[in-house]
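These are the residues of each chain, in order.
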Amino acid sequence: MSSYAPPVQRLVTELSKLPGVGTRTAQRLAFHVLRASDEDAFALADALREVKERIGLCEICYNLTDEARCRICQDTRRDHGLICVVEEPGDVIPMERTHEYSGVYHVLGGALSPIDGIDPEDLKIAELYARVQQSDTQPIREIVLATNPTTTGEATALHIAHELRERAPELTVTRLASGLPVGSDLEYADEVTLGKAFAGRRSL
Ligand SMILES: [Zn+2]
């Protein structure tokens, strides 16, 4: 099919696997890399290799980290009795930008979506329950469910809230206030809106 030399085709194929990158964009990016200096192209290759080799998941909250525990979990000034549950590591950043939140996080690694075959076992949900139940150092007072205001995000929040009520009835479980654009990702919310949504969180 392709008239590119196999190494070029390989690069186009790999680039087109990236989200939002179609074949035409992949081709454009590939030509850009070919035109770039060796230094720039190898820096990109090294950066890709380095994140995959050095970045893993925090053993407590499953956020991205280059250590066993992420910086937020290691920070003793933060409120370890308050856990904000988000879908993806990228959702931690906008929450941090609000400067309203001083608790810790729990990153699920996605949202429940039976249609796509994403069940509770595919997410770090059991790990959240374990965390709530074995809080030896500081008891957990509140779980803020900050999954996205989408169908799957809402379903995930309701599922977790229901399970937590059974497992830990004394725990306060809240959900970010509405006001976030429905159907959008937390990742794209501005910090003012998100800060207000956090301040106005309601009990579930
Ligand atoms: Zn962590």
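Please read these numbers as outputs of a predicted model, since none were measured by experiment.

The helix and strand tally for the chain stands at 8 helices and 7 strands. Here the chain holds 204 residues, and 38% of them are scored as buried. A sequence separation of at least 24 residues applies to 56% of the contacts in the chain between residues at least 6 apart. Accessible surface, the chain: about 12,300 Å² in total, of which carbon and sulfur atoms supply 53%.

Next up on the list: the packing of aromatic side chains. Applying the stated criterion across every chain yields a total of 3 aromatic pairs. With a centroid separation of 5.2 Å and 85° between ring planes, the pair formed by Tyr-101 and Phe-198 is classed as edge-to-face. Note that Tyr-101 is positioned in the loop between helix H5 (92–97) and strand S4 (103–107) and Phe-198 in helix H8 (residues 191–199), a separation of 97 residues in sequence. Taken as a pair, Tyr-101 and Phe-198 share a single burial class, namely buried.

On to the packing of helix H6 (residues 125–133) against helix H7 (residues 151–167). Running from N to C, H6 and H7 cross one another at 35°; their axes reach a closest spacing of 11 Å. Both H6 and H7 take part in a crossing whose hand is right-handed. Listed contacts from H7 to Ile-125, Leu-128, Tyr-129, Val-132 and Gln-133 of H6 are His-159, Ile-160, Glu-163, Leu-164 and Arg-167.

The next thing to look at is the sheet that holds strand S3 (residues 79–86). What the 5 strands build is an open sheet, ordered S4-S3-S5-S6-S7; its pairing is mixed. Two strands lie at the open edges of the sheet, namely S4 and strand S7 (202–203), each paired on one side alone. Sheet topology places strand S6 (residues 172–175) next to S7; 2 bridges connect them, and they run antiparallel. Among the inter-strand pairings, Thr-174 is bridged to a residue of S7, identified as Ser-203. On the sheet, H7 packs against S3, strand S5 (142–145) and S6 and is oriented at approximately 170° with respect to S6.

Our next topic: the coordination of the zinc ion. Distances from the zinc ion to its protein donors, Cys-58 (SG), Cys-61 (SG), Cys-70 (SG) and Cys-73 (SG), fall at 2.2 to 2.3 Å. The site at the zinc ion holds 4 donor atoms, and with the angles between them running 103 to 118°, its shape is tetrahedral. One chain supplies every donor for the zinc ion, spaced along it as C-x2-C-x8-C-x2-C. Note that Cys-58 is positioned in the loop between strand S1 (56–57) and strand S2 (64–65) and Cys-70 in the loop between S2 and helix H4 (71–74), a separation of 12 residues in sequence. When its relative accessible area of 3% is taken as the criterion, Cys-70 is described as buried.

This part is about a nonpolar patch on the surface. Taken together, the side chains of Val-51, Ile-55, Leu-57 and Leu-64 present a nonpolar region at the surface, about 340 Å² in accessible area. Mapping Leu-57 onto the fold places it in strand S1.

Before going further, it helps to spend a moment on the side chain of Glu-142. With respect to the helices and strands, Glu-142 occurs in strand S5. Judged by relative accessible area, Glu-142 falls into the buried class, the value being 12%. Side-chain polar atoms of Glu-142 contact the side chain of Thr-174, separated by 2.8 Å. For Glu-142, the side chain forms a polar contact with the side chain of Arg-201, separated by 2.6 Å. The residues contacting Glu-142, other than those within four sequence positions of it, are Gly-81, Leu-82, Ile-83, Leu-171, Thr-172, Thr-174 and Arg-201.

This paragraph deals with the layout of surface pockets. The volume enclosed by the largest pocket comes to roughly 840 Å³. Around the largest pocket sit 22 residues that line it, and Leu-11, Glu-14, Leu-44, Ala-45 and Leu-48 are the ones nearest its centre. Tallying contributions element by element places helix H3 (residues 38–54) first for the lining of the largest pocket, with 10 residues. Residue composition of the lining of the largest pocket, grouped by class: 14 nonpolar, 1 polar and 7 charged.

Analysis parameters
Numbers given for residues are sequential positions, taken from 1 along each chain in its written order. Totals for whole chains, interfaces and linings use all residues, but because this is a predicted model, local features are given only for residues with pLDDT of at least 70 and pairs of side-chain atoms are given and counted only at 80 or more. Note that the side-chain values use all heavy atoms of the structure and ignore hydrogens as well as water. Only DSSP runs of H or I reaching four residues or more are called helices, and only runs of E reaching two or more are called strands; each is numbered from the N terminus. Remark: exposure states derive from per-residue accessible area (1.4 Å probe, protein chains only) relative to the maximum for the residue type, with buried under 20%, exposed over 50%, and partly exposed in between. Residues are treated as being in contact if the distance between any of their heavy atoms lies within 4.5 Å. Each accessible area is a Shrake-Rupley result for a 1.4 Å probe, and residues are judged covered by the shown protein chains and nothing else. Pairing of aromatic rings covers Phe, Tyr and Trp, the last counted by its six-membered ring, and requires centre-to-centre distances within 6.5 Å; plane angles under 30 degrees mean stacked, over 60 mean edge-to-face, and any other angle means tilted. Axis geometry follows a simple rule: fit a line to the C-alpha atoms, using only the stretch in contact for helices, then measure angles between N-to-C directions, giving values from 0 to 180 degrees. What makes a crossing left-handed is the near helix being turned counterclockwise from the far one by less than a right angle; a clockwise turn instead makes it right-handed. For two strands to pair, DSSP has to find at least two bridges joining them. Water is not part of the atom set, so a site may look incomplete; the donors themselves are N, O and S atoms within 2.8 Å of the metal, or 3.2 Å for Na, K and Ca. Only two sets of limits are used to name each site, 85 to 135 degrees for every angle of a tetrahedral four-donor site, and over 155 degrees for opposite donors with all other angles from 65 to 115 for a square planar four-donor or octahedral six-donor site, with any other site named irregular. Exposure above 30% relative accessible area and the absence of a salt bridge qualify a residue for a patch, where like charges join within 9 Å and nonpolar side chains (Val, Leu, Ile, Met, Phe, Trp, Tyr) within 5 Å. Salt bridges are defined by distance alone: a side-chain nitrogen of Lys or Arg within 4 Å of a carboxyl oxygen of Asp or Glu. Polar contacts, as used here, are pairs of N or O atoms within 3.5 Å; protein pairs need one atom able to donate a hydrogen and one able to accept it. Residues neighboring in sequence count only if both atoms are side-chain atoms. Method remark: on a 1 Å grid restricted to protein atoms, a set of points is classed as a cavity if a 1.4 Å probe fits but cannot get out and as a pocket if it is open with protein on both sides within 12 Å along at least five of seven lines; lining residues have an atom within 4 Å of a point. Grid points are joined across faces, edges and corners, and a volume is the space filled by probe spheres set on the points. Residue polarity is assigned by list, with Asp, Glu, Lys and Arg as charged and Ala, Val, Leu, Ile, Met, Phe, Trp, Tyr, Cys and Pro as nonpolar; anything else, Gly included, falls into the polar class.

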